[in-house]
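Each chain, written out:
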Amino acid sequence: MGILDQFRLDGKTALVTGARRGIGKAMAIALAEAGANIIGMSATLEKQGSAVEKEILARGKSFRGYACDLGDRKAVYAFIAAVRAECAPVDILINNAGTILRKPAAEHPDEYWDTIMEVNLNSQFVLAREFGRDMIARGGGKIIFTASLLTFQGGITVPGYSAAKGGIGQLVKALANEWAPRNVQVNGIAPGYIATDNTTALRADPVRNPAILARIPAARWGEAEDLAGAAVYLASPASSYVNGEILTVDGGWMGR
């Protein structure tokens, strides 16, 4: 197989959570361009007619959309059952969906903490465990988590988010240790400061925004499309010997 062919995903089915917009949408489009059919899920994704569906269909690939609240454990299991019943087996799982709630640690309420942990960590494990079990039974697969720079750093006013994303980093390693011998590669992507809805407040902050830009060697906020290449690489045969890694796509932030 030639090197460029190793990045092809023809005949594969990829499930992308948080696919309605931002990073998840960009990843879904990139995987479709590489040849994969897409199952998309977000909390408010339209069953038909969504913007991401139109992008996928325009690239000649199939798309099925689902709405699911990752903060509702019963809804998560119902979603898993629906995918198993209605879709082709999942070859690639992109655990990307998440949320963020900001308040200083001394004022961070239980409801914030519980919501963040359920959406950003607990549901991610449930999805990985269930679809990972199916991949093991079929002899292989790919699981990619969207981590964060706060997988490595503490952040400010987001203690729940930082704790959950730190947990994602450890979960990537734990699953990779068990599943690499079963031909299931588990890895993560840690986006830097990306211009998405989650960072609107930071980009509007007259103090934080210039401070963030001053530290990024690339001297700009990232775009969701900057994550596309990393997603295709980790979803493809080109990364078949990569296990338990967190790939930073951060404009050089972690190197400074």
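Everything in this summary refers to the structure shown in the same document. (Residues numbered from 1 in each chain as written. Predicted model: local features only at pLDDT ≥ 70, side-chain atom pairs only at ≥ 80, totals over all residues. Heavy atoms only, no water.)

Some details on the sheet that holds strand S3 (residues 63-67)
Item 1. Spatially, the 7 strands line up as an open sheet ordered S3-S2-S1-S4-S5-S6-S7, and their pairing is parallel. The sheet terminates laterally at S3 and strand S7 (246-249), the two strands that pair on one side only. Strand-to-strand twist of the sheet, defined as the mean angle between neighbouring strand axes without regard to direction, takes the value 15°.
Item 2. As defined by bridge partners, strand S4 (residues 92-95) adjoins strand S5 (residues 141-146) across 4 bridges and the pair is classed as parallel. Directly across from Ile 92, in S5, lies its bridge partner Lys 142. (Pairing = 2+ DSSP bridges. Helix = DSSP H or I, 4+ residues; strand = E, 2+ residues; numbered from the N terminus. Axes fitted to C-alpha atoms, helices over the stretch in contact; angles between N-to-C directions.)

Here's the deal with the packing of aromatic side chains
Item 1. For the coordinates displayed, the defined rule picks out 4 aromatic pairs.
Item 2. Seen from their ring centres, Tyr 193 and Trp 221 are 5.6 Å apart, and the 85° between their planes marks the pair as edge-to-face. Here Tyr 193 is found in the loop between strand S6 (184-191) and helix H6 (200-204), whereas its partner Trp 221 is found in the loop between helix H7 (208-215) and helix H8 (228-235), with 28 residues between them in sequence.
Item 3. Taking the centre distance of 4.8 Å and the plane angle of 55° together, the rings of Tyr 193 and Trp 253 count as tilted. Of the two residues, Tyr 193 is situated in the loop between S6 and H6 and Trp 253 in the segment after S7; the sequence distance between them amounts to 60 residues.
Item 4. The class for Tyr 193 is buried, based on a relative accessible area of 16%.
Item 5. Linked through ring pairs, Tyr 193, Trp 221 and Trp 253 together constitute an aromatic cluster.
Item 6. Sitting above the plane of the Tyr 66 ring, Lys 47 keeps its charged end 5.4 Å from the centroid.
Item 7. When the ring centre of Trp 221 is taken as origin, the NZ or CZ atom of Arg 203, which lies over that ring, is 6.0 Å away. (Phe/Tyr/Trp six-rings, centres within 6.5 Å; stacked < 30°, edge-to-face > 60°. Buried < 20%, exposed > 50% of the residue type's maximum accessible area, 1.4 Å probe, protein only. Lys NZ or Arg CZ within 6 Å of the ring centre and 35° of its normal.)

Digging into the pattern of salt bridges
When the charged atoms of two side chains lie near each other, side chains of opposite charge can form a pair.
Item 1. Counted according to the given criterion, the structure contains 12 salt bridges.
Item 2. We note a salt bridge from Glu 118 to Arg 73, for which the minimum N-O separation is 2.8 Å. You can see Glu 118 sitting in helix H4 (residues 110-138) and its partner Arg 73 sitting in helix H3 (residues 73-86), a full 45 residues away along the chain.
Item 3. Since its relative accessible area comes to 35%, Arg 73 is described here as partly exposed.
Item 4. Members of the salt-bridge network, linked through shared partners, are Arg 84, Arg 129, Glu 130, Arg 133 and Asp 134. (Salt bridge = Lys/Arg side-chain N within 4 Å of Asp/Glu carboxyl O.)

Here we look at the packing of H3 against H4
Item 1. One way to put it is that H3 packs onto H4 with a least axis distance of 11 Å and a crossing angle of 30°. Judged on the interaxial angle alone, H4 and H3 are roughly parallel. The two elements H3 and H4 meet at a crossing, and its hand is right-handed. Residues Arg 73, Val 76, Tyr 77, Phe 79, Ile 80, Val 83 and Arg 84 of H3 pack against Glu 118, Asn 122, Ser 123, Val 126, Leu 127, Arg 129, Glu 130, Phe 131, Arg 133 and Asp 134 of H4. (Parallel < 35°, antiparallel > 145°, perpendicular 65-115°, else oblique. Left-handed = near helix turned anticlockwise from the far one by under 90°. Contact = heavy atoms within 4.5 Å.)

As for the pairing of strand S1 (residues 13-17)
Item 1. The element S1 is extensively covered by neighbouring structure, given that 5 of its 5 residues are classed as buried.
Item 2. Side-chain alternation along S1 places Thr 13, Leu 15 and Thr 17 on one buried face and Ala 14 and Val 16 on a second face that is also buried.
Item 3. As paired strands, S1 and strand S2 (residues 37-42) are joined by 5 bridges and run parallel to one another. Within the sheet, the bridge partner assigned to Ala 14 lies in S2 and is Ile 38.
Item 4. Read as a crossover between parallel neighbours, the route from S1 over helix H1 (residues 22-33) to S2 is right-handed.
Item 5. With 3 bridges joining them, S1 and S4 adopt parallel strand pairing. In the sheet register, Leu 15 faces S4, and the bridge partner there is Leu 93. (Right-handed = clockwise from strand over helix to strand, strands pointing away.)

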